[in-house]
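Listed below, chain by chain, are the residues.
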Amino acid sequence: MGLDFYHGQESLTTVQWILRGLVSFVFLLLAAKMMGQRSISQLRFLDFIIALVLGNIIAHPLSDEKLGLQGSILTTLVLIVLYVAATWLSLKWPFFKRYLDPPPVKLIQNGQIQFHNLPIAKISIDYLFSELRKAKVEDIQKVSLALWEPGGTLSVFTDTPYQPLTPADMKLETGPFTLARPIIVHGKIDKRLLEEIGKDQMWLKRKVSPTYTNIRDVLLATVDENENVRVYSYPKPSPRRHS
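Residues numbered from 1 in each chain as written. Predicted model: local features only at pLDDT ≥ 70, side-chain atom pairs only at ≥ 80, totals over all residues. Heavy atoms only, no water.

Asker: If you had to explain the overall build of the protein chain to someone new, which residues and values would you point to?
Answerer: Along the protein chain, the regular secondary structure elements total nine helices and eight strands. The burial tally for the protein chain puts 28% of its 243 residues in the buried class. (Helix = DSSP H or I, 4+ residues; strand = E, 2+ residues; numbered from the N terminus. Buried < 20%, exposed > 50% of the residue type's maximum accessible area, 1.4 Å probe, protein only.)

Asker: Can you explain the sheet that holds strand β1 (residues 105–109)? Please cite residues and give values.
Answerer: Reading across from one edge, β2-β1-β3-β4 is the order of the four strands in this open sheet, with antiparallel pairing throughout. Two strands close off the open sheet at either side, each with one partner strand: β2 (112–113) and β4 (154–158). Looking at chain direction, strand β3 (residues 143–148) and β4 are connected through five bridges and run antiparallel. From the neighbouring strand, Val143 faces β4, where its bridge partner is Thr158. Taken strand by strand, helix α7 (residues 125–134) contacts β1, β2, β3 and β4, and its axis lies near 60° from that of β4. (Pairing = 2+ DSSP bridges. Contact = heavy atoms within 4.5 Å. Axes fitted to C-alpha atoms, helices over the stretch in contact; angles between N-to-C directions.)

Asker: I'd love a proper account of a nonpolar patch on the surface, names of residues and values included.
Answerer: Together, Leu22, Val26 and Leu30 line one region of the surface with nonpolar side chains, adding up to about 270 Å² of accessible area. Considering the arrangement of structural elements, one finds Leu22 in helix α1 (residues 14–35). Among the residues examined, Leu22 registers a relative accessible area of 48% and is labelled partly exposed. (Patch = residues over 30% accessible without salt bridge, like charges linked within 9 Å, V, L, I, M, F, W, Y side chains within 5 Å. Areas by Shrake-Rupley, 256 points an atom, 1.4 Å probe, with all protein chains shown as cover. Salt bridge = Lys/Arg side-chain N within 4 Å of Asp/Glu carboxyl O.)

Asker: Account for the nonpolar core, with residues named and values stated.
Answerer: By size, the foremost hydrophobic cluster in this structure holds 16 residues, and its most contacted members are Ile183 and Ile184. Contributions of two or more residues to this core are made by β5 (181–185), α8 (191–196), α9 (201–208), β7 (220–223) and β8 (229–232). Sort the elements by how many residues they give to this core and α9 lands first, with three residues. Each residue touching Ile183, except ones within four places of it in the same chain, is listed here: Lys188, Ile189, Asp190, Leu193, Leu194, Ile197, Leu204, Ala221, Thr222 and Val223. Grouped together as the second largest cluster of nonpolar side chains are 15 residues, Val105, Ile113, Val143 and Trp148 included. (Core = buried A, V, L, I, M, F, W, Y, C linked by side-chain atoms within 4.5 Å.)

Asker: Residue-level account of the pairing of β7, with values.
Answerer: Pairing analysis gives four bridges linking β5 to β7, with the strands arranged antiparallel. Directly across from Pro182, in β7, lies its bridge partner Thr222. In sequence, β7 turns back onto β8 through a hairpin of five residues, with Glu227 there showing a positive phi of about 65°.

Asker: An account of the pattern of salt bridges is needed here, citing residue identities and associated values.
Answerer: Pairs can form between side chains of opposite charge whenever their charged atoms are close. Counting across every chain of the model gives four salt bridges. With a shortest N-O distance of 3.0 Å, Arg181 and Glu196 are connected by a salt bridge. Highlighted residues: Arg181 in strand β5 and Glu196 in helix α8, separated in sequence by 15 residues. In this structure Glu196 comes out as exposed when scored by relative accessible area, which is 53%. In this structure, the salt-bridge partner of Lys199 is Glu227, at a minimum N-O distance of 3.4 Å. Within this pair, whereas Lys199 is found in the loop between α8 and α9, its partner Glu227 is found in the loop between β7 and β8, the two being separated by 28 residues in sequence. According to the relative accessible area criterion, Lys199 is partly exposed, its value standing at 27%.

Asker: Please give an account of the side chain of Glu131 that cites residues and values.
Answerer: Within the fold, Glu131 resides in helix α7. Contact partners of Glu131, with chain neighbours within four places excluded, come to Trp148 and Leu154.

Asker: Which residues make up α7, and what are the values?
Answerer: Inspection of α7 places Leu128, Glu131 and Leu132 among the buried residues, and these make up the whole buried set. The buried residues of α7 all sit within an arc of 100° when viewed along its axis, so they share a single face. Every exposed residue of α7 that faces more than 90 degrees away from the buried side is listed here: Asp126, Arg133 and Lys134. Looking at the packing, one finds that the buried side of α7 touches β1, β2, α6 (118–121), β3 and β4. Immediately downstream of α7, the backbone of Lys136 shows phi near 60°, a positive value. (Arc of directions from axis to C-beta.)

This is how it looks when you write it as C-alpha cells:
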C-alpha cells in the first residue's frame, strides 16, 4: 500500500483513512509546537486568522479522498513560516506590533465609564457589566481602571480603599511561599520530582506510612518546597440506612 493514502485517489480504504488522520494529527501537533504556546494561551488577531486557515486546509483532505495531503502540508508549512516571521517582526517593528497587538482600550477610569471607547472595543454596556460581575465588582464607583485587552479580556483594578487587606498592609510576618506538587497520583510515583528534591522511594514510603502502608493505595500525595508531604485519602462512604 505504501504512501497511497498520502495522494489523492478515487477511493480510500478504512486503513488509508486512518493513516491519513494519524499523519494529519501528528503534523498538527508538530505545527502547534513550532508556532509556540503563545498562539494557544492567547488568541491574538494573527492567531485567529492562522487558526481559521489551518483548520480549513487540513479539514479538506480528511473529508475528500480525491485531495492529497501533500498540498495541505506544504501550504501549512508556508503559513507557519509566515506566522513565525510576523511574530518576530512584531518584536522588532513598533508599528507592526501595534497592528498585531494593539494597546488596551480604557473602558472605566476613576469610576466613570468611557462610553466613547465602547465602540472601539466593540462591546455593549451589558457585556461590560457581565465582565465586571465575573471580576466580582458590584459597583462601578469602586473601579479605578478597567482595560479591554487585545486578547478579549477585561482587566479590572479596584480603587485602593476597596482592595482587600494583605499581611503586608497589617505589617504581619509571614512564612515563605511554598508550592505543593503532586508526587504520587493513583499509586504512581513521579520519579523525576523525587529525584529533583533529592529523596528516594524509602523516604517517600516513610512519609505516607501513617496513612497507607502501600504506595499503590495512595490516591494523591503532594510535596512542597519544605519537603512536607500531604496524603489525600479516599472519603469514607456514609453508612446506609435501612428502613
